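Letter by letter, the chains look like this.
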Amino acid sequence: MHGDETVGREILLHFIDFLVTSYGQDPVITRLLNNTRIHIMPTMNPDGFEATKVPDCYYTRGRYNKNGEDLNRNFPDAFERNNASVQPETEAVMNWIKNETFVLSANLHGGALVASYTFDNGNSATGTLEGYSRSPDDDVFIHLAKTYSFNHASMYKGTGCDNRQTFPDGITNGYSWYQLEGGMQDYNYVWGQCFEITLELSCCKYPPADQLEKFWRDNKAALIEYIKQVHLGIKGQVTDKNGNPIPNAIVEAQGRPHVCPYRTNEHGEYFLLLLPGTYVINATVPGFKSILKTVEVHDNTGNFSALKHDFTFPEVSIRSSAASCPKTPLYQELQWASAAVKPTLHVVLVLMTVLLVIFQ
């Protein structure tokens, strides 16, 4: 995403090589790959990378794409209208997200050392008057961020890059750090039904090449443990009385309503990341009575398989009509309902992104 932030790009290239060479040799990696679809995009902004002629720890023009746009300010925003012109790279990634059923992802940056989680933007409906923008799955996001930070060589220490800024446990809510409009992290969660966190992996954006091997060692275990978390929670399929899959059925855990309801894909499949506990899962096909199921979710990440529960609608024999959420500021209505006050813009630091996406 930010072409001048190179550590994530290089780590992912190391990671690809590690997965390929370890398959069939390492039992953990073999089981992981046998049970998980992993998509890796080492860079979203190759033009920015090529434009970075003189490496710099802090800032270069390589942050932006060829059109001079910051791709991590270029996505539709759930809190305010983003008037930026959508770039080809952004359009391609949004289509990618739309055409795949991604469940968990990580967005790799440089310029800090911390795991940041959604929301990056917000309003009073998500608690920003208290300096924190809370999602319905805040507990899961905190767990995901800590999973990475505590398996990283030093991120968990929370010391940041200087004495002026610290991050307890090496994690932060995005909005609490600084407000960000048009970021990929929030877009993926709201419209992609995918839990994404942002990983800041190096204090220096473009470090010397001889440091890259250490960055790989520092992040190797964290990447593996993070990917395992795609098997948290519950998954399954929604079918009609004839056993045919029902796409666009709404399946959510009670008490965790998403502003854009999470729906089944074209195969009738659903995936919900949930921490261990008791939940009531609500499956709904428009025009028919909802089905409720109480489930006990355990931590099955070590077994590489989430709890499985299927729903069958005996009265349904037709495919659910297509449904989608508009790419508009969906949280504005909630803000108006709570008589919100527009939050103050926080100090913006310079970041980078490379994408890692995981499919369950």
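Residues numbered from 1 in each chain as written. Predicted model: local features only at pLDDT ≥ 70, side-chain atom pairs only at ≥ 80, totals over all residues. Heavy atoms only, no water.

Colleague: Would you mind going over the environment of Asn45 in detail, with residue names and values included?
Modeller: The topology assignment puts Asn45 in the loop between strand E1 (37–41) and helix H3 (46–51). Taking relative accessible area as the criterion, Asn45 reaches 0% and is therefore assigned buried. Expressed as a C-alpha distance, the spacing of Asn45 and Val114, which sit 69 residues apart in the sequence, is 22 Å. Sequence-distant contacts of Asn45, defined by excluding residues within four places in its chain, comprise Met1, His2, Gly3, Gly62, Arg63, Tyr64, Asn65 and Leu71. Side-chain polar atoms of Asn45 contact the backbone nitrogen of Gly48, separated by 2.8 Å. (Helix = DSSP H or I, 4+ residues; strand = E, 2+ residues; numbered from the N terminus. Buried < 20%, exposed > 50% of the residue type's maximum accessible area, 1.4 Å probe, protein only. Contact = heavy atoms within 4.5 Å. Polar contact = N/O pair within 3.5 Å; in protein donor to acceptor, adjacent residues only side chain to side chain.)

Colleague: Quick rundown of the packing of helix H1 (residues 7–22) against helix H2 (residues 27–35)? Include the residues and the values.
Modeller: Contact pair H1 / H2: the axes reach a minimum separation of 9 Å and the direction vectors enclose 100 degrees. By the angle between their axes, H1 is roughly perpendicular relative to H2. Of the residues in H2, those touching H1 at Phe18, Leu19 and Ser22 are Ile29, Thr30 and Leu33. Residue composition of the contact of H1 with H2, by class: four nonpolar, two polar and no charged. (Axes fitted to C-alpha atoms, helices over the stretch in contact; angles between N-to-C directions. Parallel < 35°, antiparallel > 145°, perpendicular 65-115°, else oblique. Nonpolar A, V, L, I, M, F, W, Y, C, P; charged D, E, K, R; others polar.)

Colleague: Explain the state of the cysteines to me, using residue names and the numbers behind them.
Modeller: Tallied over the full model, the rule gives three disulfides. At a sulfur-sulfur separation of 2.0 Å, the disulfide partner of Cys161 is Cys203. Measuring the twist about the S-S bond at about -90 degrees, one finds the Cys161-Cys203 disulfide to be left-handed. Remark: Cys203 occurs in the loop between strand E5 (195–202) and helix H8 (212–228) and Cys161 occurs in the loop between helix H5 (138–151) and strand E4 (171–173); sequence separation between them is 42 residues. For Cys203, a relative accessible area of 36% gives the class partly exposed. At a sulfur-sulfur separation of 2.2 Å, the disulfide partner of Cys260 is Cys325. Taking the sign of the S-S torsion, about 115 degrees here, the bridge from Cys260 to Cys325 comes out right-handed. Residue Cys260 is located in the loop between strand E7 (250–253) and strand E8 (269–272), and its partner Cys325 is located in the loop between strand E12 (311–313) and helix H9 (331–337); the two are separated by 65 residues in the primary sequence. Relative accessible area serves as the criterion here: at 9%, Cys260 is assigned to the buried category. Since its relative accessible area comes to 17%, Cys325 is described here as buried. (Disulfide = S-S within 2.5 Å.)

Colleague: Account for the environment of Thr198, with residues named and values stated.
Modeller: The topology assignment puts Thr198 in strand E5. For the pair Thr198 and Met184, spaced 14 residues apart in sequence, the C-alpha separation works out to 9.1 Å.

Colleague: Break down the packing of aromatic side chains for me, citing the residues and quoting the values.
Modeller: Counted by the stated rule, this structure contains 20 aromatic pairs. It is Arg9 that lies over the ring of Phe49; its NZ or CZ is 3.6 Å from the centre. The residue whose ring lies beneath Arg134 is Tyr132, and the NZ or CZ to ring-centre distance is 4.6 Å. (Phe/Tyr/Trp six-rings, centres within 6.5 Å; stacked < 30°, edge-to-face > 60°. Lys NZ or Arg CZ within 6 Å of the ring centre and 35° of its normal.)

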